[in-house]
Amino acid sequence: MLLLAQAAEAAAGPNTAEIVLFWVFAVLALGAALAVITMRNIVHGALMLVLNLLAIAGLYLTLESSFLGVIQILVYAGAIVVLFLFVVMILGVDRDDLLLAGRGRNQIAAVLGGVLLASALLFAFVGPYTGPPSVCGSDAPIEVGSGQQRCVGLADQLAEDDGSGAAFLGERMFTRYTYAFELSALLLTVATIGAVILARRKDLEIEDLDQEPDGGGVPGPDGLGPHDHDPLAAIGADLAGQDHDPADVVDTDPDDQTPTDEREG
Amino acid sequence: MAPIVLAVEGANVVNDVVETSTGAVGAAWLIPVIPLLGFVLVLSLNRRLGHQASLVAIAASGISFLLSLAVAAQVLADPATYLRPLPTWIAVGGLEVGFDLFIDQLTVVMLLVVTGVGFLIHLYSVGYMHGDERYARFFAYLNLFLASMLILVLGSNLLTLFLGWELVGLSSYLLIGFWFEKMENAVAAKKAFITNRVGDVSFMIAMFLAFATFESLDFLVLIEAAPDLGATTAFVLVLLLLGGAAAKSAQIPLYVWLPDAMAGPTPVSALIHAATMVTAGVYLTVRLSPILVQSVGAMTIIAWIGAFTALLAALIAVRQDDIKKILAYSTVSQLGFMFIAVGTGAFREGIFHLVTHAFFKGLLFLAAGSVMHAMNNQTDAWKMGGLRKAMPITFWTSGIGWLAISGIPPFAGFFSKDQILTEAYLHGYGGVYVVGLIAAILTAFYMSRWFFLIFLGEPRFGDEVHPHESPRSMTTPLIVLGVLSAIGGLALNPVHRGPLFNFLEPSVASVAELGYEPAGPLTEAVLIPIAIVAALLGIGLAYLAYVRRDLSLGRMSEPIKGPVAELAERKFFVDELYEAIFVRAGGGLATAVTWFDSRVIDGVVNGSGAGSMATARVARRLQNGLVRGYVAWLLVGALAIVGVLLVQVVR
Amino acid sequence: MAIGYYFAVSALLFSIGLVGVMVRRNAIVLFMCIELMLNAVNLTLAAAARMWGGPDGQVFVFFVIVVAAAEVVVGLALIVNLYFRRGTIDVDVPQLLRY
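Q: Please provide a residue-by-residue account of the overall build of chain B, values included.
A: Scanning chain B from N- to C-terminus turns up 26 helices and 5 strands. For chain B, buried positions account for 55% of its 651 residues. Long-range pairs, those at least 24 residues apart, make up 82% of the contacts in chain B with a sequence separation of at least 6. Of the roughly 25,400 Å² of accessible surface on chain B, a fraction of 68% belongs to carbon and sulfur atoms.

Rendered as structure tokens:
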């Protein structure tokens, strides 16, 4: 993107490229957002969300944070929205039959509130930041040449590493924000475990917990569970409410060397 | 010790101050203590002894009397102001108050009167209270009263006097309300106590002022430092003391309790409300006469209050039909005379009248009690008559009392009353003299009416009543007091400057410095016959009205009629006036305060509880369980924060 | 160009997300609108990073993305649970946490 910008700049003027790209992506993002909140079909809505996320990734690129842009696409658009779609598929609620927000009066009130907030934010945060110092920060030197403005400081720092900006980011993250990094890793682990527990069917009992790892889809040392070759399907079968006796999943063959066989009976 | 000089410059006789713990004076502390022990003993042995308990009480009062005689003998022999040191009561900061006894001539006079009359009345009560179910308790209370009065009289400082003052008030309350089963007796007792309380407040303020001025409450200090009092301080102090004395001695405006106090048993009326308690106010003012003489203006006020009280009470007494009430108003009136004496600077004459009044008024009350005893507790004079035949002893002794109070020589009352009026005139108080003279005429009139209606004429009662003479325990005191009323005046002070007068000289302040001038040209030689004529006039008018007439119609034949008479009968509506002003106002204030307390104060407390509950009831609707609602609140919060930031940005 | 424009975009995006949260009753759509809001914030941070001339803002964005991911995981699990208990994912139905 940087190259693209520099090329376009060389071609069409100072940071015209940035401006053009900004407007394109901005309009795209806002339009997709509006679509998300108004679409009835949830799958279509999720797709609109993807479009929004990609537009924002583009905005990141115009902001010279290419690492973030890529991360945005990979994680947000690639994993999170996929999760959304999975849940939609499992629950089977792709068509939103629910009416919007009950009473029309509430809808109008909500919209008005949103407008109010938007105007307040615009007034507060946009006004002071439209001058030259806001481009690069008040104490970063500005190279003003032939009417252009360019943040020299950021460019210098960016120039130090390879064009991806990863080292630029990583250098700060692993020195000053190490603890936050570790904690976020812990957070992800906890979230995963929590999600697994939360998504159970309610008729499962406690002792099934011990056998769950065998038949639940996490592969034992011998690979897949004896009956299920598709762990995800087992989950799906569980979640879909089938009377799935977890005992079926466990290999009752006494010859089987399942290490976690703690069943008594 | 240095002699105390009560009379300023030119005094003839002064008292030395002697501190002693020996002799009769040394044992004088027993005088109040023995009746006090009697009180405790009788109460604790009440059940065991029953009727015999009265003997303990009588013995206690008898011993007190004998001891008082001994003390009197010592003081007569060696005139001085004796101080008997006793343990200290309060020693705090600058205030030091002890139980020391202060015995001088004035004390001796008071002691003899109190214990003598007290003993006689203890004796009388044996017969009068016979058969009462709380017989022993009555005697216990009588002893308590005796002890309290003695503490009052013997104290060497204002605080001990006040202690006795309060205790006699308490005893009076207990005794007036002795038959508390009847509501009106309890109400009368309460009225007496509360009215006295008002006076006590005045007394207390006087004590505060005295302490502030003199740094001490001891009589010796007060007496010696009295000449240094400033005019205003003296005036205020005397008036405050008057406030206290007026309540105890039933003067205007605080006399209203005394007539109601007749609800108590007659011995109580005789002892407390004739002879002793009501004289406490007179005693107080005479004891502090050195302070009184520092403010002639205040003394004049005292004199006029006494005069008006004497007149008012006499007017009311003219139209009362209850024999005890007549005597009660008579007491108020005679106390007015004593106050006239104090106010016009005739201190010793006032004490003389106090003594003679104790004799004849005590006698009259006991006689009334005797009559009531014979007539089944009847008190309406119109339902009596002709009792002279049935009750000779009572008749003759009452006759003596009647003549004494009317002021007929040579009976006791003549001397004392006449000396007061003469002295008032000679000290320049002509107006007071005239008012006092009119009151004297009225006194003779209504007392004659009292006597004639009860004893003379034809019986106005039916056959259901059989009057007979009272038992010996009741007639003996009557006889003793009758003798005293007859010869007491002659014995004590037949001429104006007689034995009692001289005896008391060192105890009271001299008025020589006050520069009194006679009110007119009349001399003593003229004033005495005027007094006699006044007395005879009163008796004569009463004779015409009540003796040579047919009184068989009872009250209908009352010859004194007219609007003034009606006013007098209604006691000039003073009680009603007090009730309307003070009782209603007090009740209204209490109601208002109660309203305020229950509405405002409780309202605030309850209201805050109710308010928080109401707020909660409204506020909890915020939590409706709807997620999107909470998000809406989120929006509001966000707007608020942005608003705050905006404000900062704009600034 | 001036950073204010980026801020404007993110403000509008945030408001749109908020309106969406308040208006829609479907739990999943609600969640997606929340993601919109988070993205708006990320955009703000990234723009600020450029304004400040340092990587701190970008680090913050990174962490926000991580947390958003964790949040989505748990949230979707909850929605699934809710669906199996109530049979619907209308957010107005569960009202037990009321007064």
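Q: Give a description of the interface of chain A and chain C that names residues and reports values.
A: Each partner contributes to the interface: chain A provides 86 residues, whereas chain C provides 68 residues. Across the chain A/chain C interface, buried area totals approximately 7,200 Å², and carbon plus sulfur atoms make up 77% of it. The interface formed by chain A and chain C includes 2 salt bridges. A salt bridge links Arg172(A) to Asp56(C); the nearest nitrogen and oxygen atoms lie 2.8 Å apart. At the junction of chain A with chain C, the criterion picks out 10 residue pairs in polar contact (both at pLDDT 80 or more).

Q: Run through the sheet that holds strand β2 (residues 81-84) of chain B, naming residues and quoting values.
A: All names here are of chain B. The mixed open sheet is built from 3 strands, whose spatial order is β1-β2-β5. Two strands in the sheet have a free side with no partner beyond their single neighbour: β1 (17-19) and β5 (101-103). Recorded for the sheet is a direction-independent mean angle of 20° between the axes of neighbouring strands.

Q: Go over the side chain of Asp200(B), please, and point to the residues and values.
A: Residues and elements named next belong to chain B. Mapped onto the elements, Asp200 comes out in helix α8 (residues 183-214). Here Asp200 falls in the buried class, since its relative accessible area comes to 3%. If sequence neighbours within four positions are ignored, Asp200 has contacts with Phe162, Trp165 and Glu166.

Q: Pulling in residues and values, what's your account of the packing of aromatic side chains?
A: Two aromatic rings are characterised by how far apart their centres lie and by the angle between their planes. What the rule picks out here adds up to 32 aromatic pairs over all chains. Centroid distance Phe174(A) to Phe181(A): 4.9 Å. Interplanar angle 75°. Geometry classified as edge-to-face. For Phe174(A), a relative accessible area of 47% puts it in the partly exposed group. Phe181(A) sits in the partly exposed class, given a relative accessible area of 25%. Here a set of aromatic residues connected by ring pairs shows up, and it is made of Phe395(B), Trp396(B), Trp402(B), Phe451(B), Phe452(B), Phe455(B) and Tyr543(B). Sitting above the plane of the Phe337(B) ring, Lys417(B) keeps its charged end 5.6 Å from the centroid.

Q: Any details on the pattern of salt bridges? Residues and values, ideally.
A: Tallying each qualifying case throughout the model produces 11 salt bridges over all chains. Of the charged contacts in the structure, one is a salt bridge between Arg287(B) and Asp104(B), with a shortest N-O distance of 3.1 Å. Here Arg287(B) is found in helix α13 (residues 280-287), whereas its partner Asp104(B) is found in the loop between β5 and α5 (105-128), with 183 residues between them in sequence. Take Arg287(B) and Asp104(B): they sit in the same class, and that class is buried. Connected through shared salt-bridge partners, Arg172(A), Arg176(A) and Asp56(C) make up one network.

Q: Account for the interface of chain B and chain C, with residues named and values stated.
A: Taken residue by residue, the interface counts 11 residues in chain B and 14 residues in chain C. Here chain B and chain C share an interface that buries about 1,200 Å² over both sides, 66% of which is from carbon and sulfur atoms. Applying the counting rule to chain B against chain C returns 0 salt bridges. Residues that form the side of chain B that touches chain C fall into these classes: 5 nonpolar, 3 polar and 3 charged.

Q: Got a sec to walk through the nonpolar core? Specific residues and values, please.
A: In terms of nonpolar packing, the biggest core is built from 207 residues, with Ile103(B), Leu158(B) and Trp450(B) touching the most fellow members. In this structure, Leu158(B) is in contact with Phe203(B), Met207(B), Ala210(B), Leu217(B), Phe219(B), Leu222(B), Leu284(B) and Leu288(B), ignoring residues within four places of it in sequence. Core analysis: the next-biggest nonpolar cluster, separate from the first, contains 83 residues, Tyr76(A), Ala195(A), Ala46(C) and Ala48(C) among them.

Q: Please provide a residue-by-residue account of the pairing of strand β3 (residues 88-92) of chain B, values included.
A: Residues and elements named next belong to chain B. Direction of pairing for β3 relative to strand β4 (residues 95-98): antiparallel, over a ladder of 4 bridges. Its bridge partner lying in β4, Ala91 is registered against Glu96. Here β3 folds back onto β4, and the loop between the two strands holds 2 residues, one of which, Gly93, carries a positive phi near 60°.

Q: Outline helix α3 (residues 56-86) of chain C, listing residues and values.
A: The end-to-end C-alpha distance of α3(C) is 44 Å, a good match for the 45 Å that 31 residues give at a rise of 1.5 Å each. Downstream of α3(C) by one or two residues, Gly87(C) has phi in the positive range, about 80°.

Q: So what's going on with the environment of Leu363(B)? Residues and values would help.
A: For Leu363(B), the position within the fold is in helix α17 (residues 347-374). Beyond its immediate sequence surroundings of up to four residues, Leu363(B) is in contact with Ala358(B), Thr397(B), Gly401(B), Leu478(B), Leu481(B), Gly482(B) and Ser485(B).

Q: Before we move on, can you summarise the packing of helix α18 (residues 392-406) of chain B against helix α19 (residues 412-426) of chain B with the specific residues and values?
A: Residue and element names in this part refer to chain B. Relative to each other, α18 and α19 sit at 15°, their axes nearing to 6 Å. Put simply, α18 runs roughly parallel to α19. In this structure, α18 meets α19 at a crossing whose hand is right-handed. Residue-level inspection shows Ala404, Ile405 and Ser406 of α18 in contact with α19, the latter providing Ala412, Gly413, Phe414 and Lys417. Looking at side-chain class alone, the contact of α18 with α19 contains 4 nonpolar, 2 polar and 1 charged residues.

Q: Could you give me a rundown of a nonpolar patch on the surface, with the residues and numbers involved?
A: All names here are of chain B. A contiguous nonpolar patch, built from Trp595, Phe596, Val600, Ile601, Val604 and Val605 and spanning about 560 Å² of accessible area, is present on the exposed surface. Tracing the chain through its elements places Trp595 in helix α25 (residues 574-619). Given the relative accessible area of 49%, Trp595 is considered partly exposed.

Q: Tell me about helix α20 (residues 430-455) of chain B, and please be specific about residues and values.
A: Residue and element names in this part refer to chain B. Taking 1.5 Å of rise per residue, 26 residues should cover 38 Å, and α20 covers 37 Å from first to last C-alpha, within 8% of that figure. For α20, the tally of buried residues reaches 21 of 26 residues, placing the bulk of the element in the interior. At the exit of α20 stands Gly457, carrying a positive phi of roughly 75°.

Q: Could you give an account of the confidence of the model for chain B, naming the residues involved and the relevant values?
A: Interpretation of this model should avoid reading the predicted coordinates in detail wherever pLDDT is low. Put simply, chain B has an average pLDDT of 86, and 97% of its residues get 70 or more. Below pLDDT 50 for its whole length, residues 7-11 of chain B participates in 4 contacts with residues either more than four positions away or in separate chains.

Q: Just give me the short version of the environment of Phe62(C), but keep the residues and values in it.
A: Structurally, Phe62(C) can be placed in helix α3. On the basis of relative accessibility, which here comes to 15%, the residue Phe62(C) falls in the buried class. Each C-alpha atom of the pair Phe62(C) and Ala46(C) lies 9.8 Å from the other, and the pair is 16 residues apart in sequence. Apart from the residues within four sequence positions on either side, Phe62(C) is in contact with Phe67(A), Leu68(A), Met173(A) and Phe181(A).

Q: Run through the environment of Arg348(B), naming residues and quoting values.
A: Residue and element names in this part refer to chain B. Along the chain, Arg348 falls in helix α17. Arg348 sits 161 residues away from Ala509 along the chain, and the two C-alpha atoms are 9.7 Å apart. Leave out the neighbours within four places in its chain, and Arg348 touches Phe501, Leu504, Glu505 and Val508.

Q: Summarise the packing of helix α4 (residues 66-91) of chain A against helix α2 (residues 27-52) of chain C; cite the residues concerned and give the values.
A: Following both chains from N to C, one finds α4(A) and α2(C) inclined at 175°, their axes separated by 12 Å at the closest point. The orientation of α4(A) relative to α2(C) falls into the category roughly antiparallel. Counting all contacts with α4(A), which are made through Leu68(A), Gln72(A), Tyr76(A), Phe84(A), Val87(A), Val88(A) and Leu91(A), the residues of α2(C) involved are Ile28(C), Phe31(C), Met32(C), Glu35(C), Leu38(C), Asn39(C), Asn42(C) and Ala46(C). The residue makeup of the contact of α4(A) with α2(C), split by class, is 11 nonpolar, 3 polar and 1 charged.

What counts, and at which threshold
Residues numbered from 1 in each chain as written. Chains lettered and ligands numbered in written order. Predicted model: local features only at pLDDT ≥ 70, side-chain atom pairs only at ≥ 80, totals over all residues. Heavy atoms only, no water. Helix = DSSP H or I, 4+ residues; strand = E, 2+ residues; numbered from the N terminus. Buried < 20%, exposed > 50% of the residue type's maximum accessible area, 1.4 Å probe, protein only. Contact = heavy atoms within 4.5 Å. Areas by Shrake-Rupley, 256 points an atom, 1.4 Å probe, with all protein chains shown as cover. Buried area = accessible area lost by both parts, 1.4 Å probe. Salt bridge = Lys/Arg side-chain N within 4 Å of Asp/Glu carboxyl O. Polar contact = N/O pair within 3.5 Å; in protein donor to acceptor, adjacent residues only side chain to side chain. Pairing = 2+ DSSP bridges. Axes fitted to C-alpha atoms, helices over the stretch in contact; angles between N-to-C directions. Phe/Tyr/Trp six-rings, centres within 6.5 Å; stacked < 30°, edge-to-face > 60°. Lys NZ or Arg CZ within 6 Å of the ring centre and 35° of its normal. Nonpolar A, V, L, I, M, F, W, Y, C, P; charged D, E, K, R; others polar. Core = buried A, V, L, I, M, F, W, Y, C linked by side-chain atoms within 4.5 Å. Expected span 1.5 Å × (residues − 1). Parallel < 35°, antiparallel > 145°, perpendicular 65-115°, else oblique. Left-handed = near helix turned anticlockwise from the far one by under 90°. Patch = residues over 30% accessible without salt bridge, like charges linked within 9 Å, V, L, I, M, F, W, Y side chains within 5 Å. pLDDT = per-residue confidence, 0-100.

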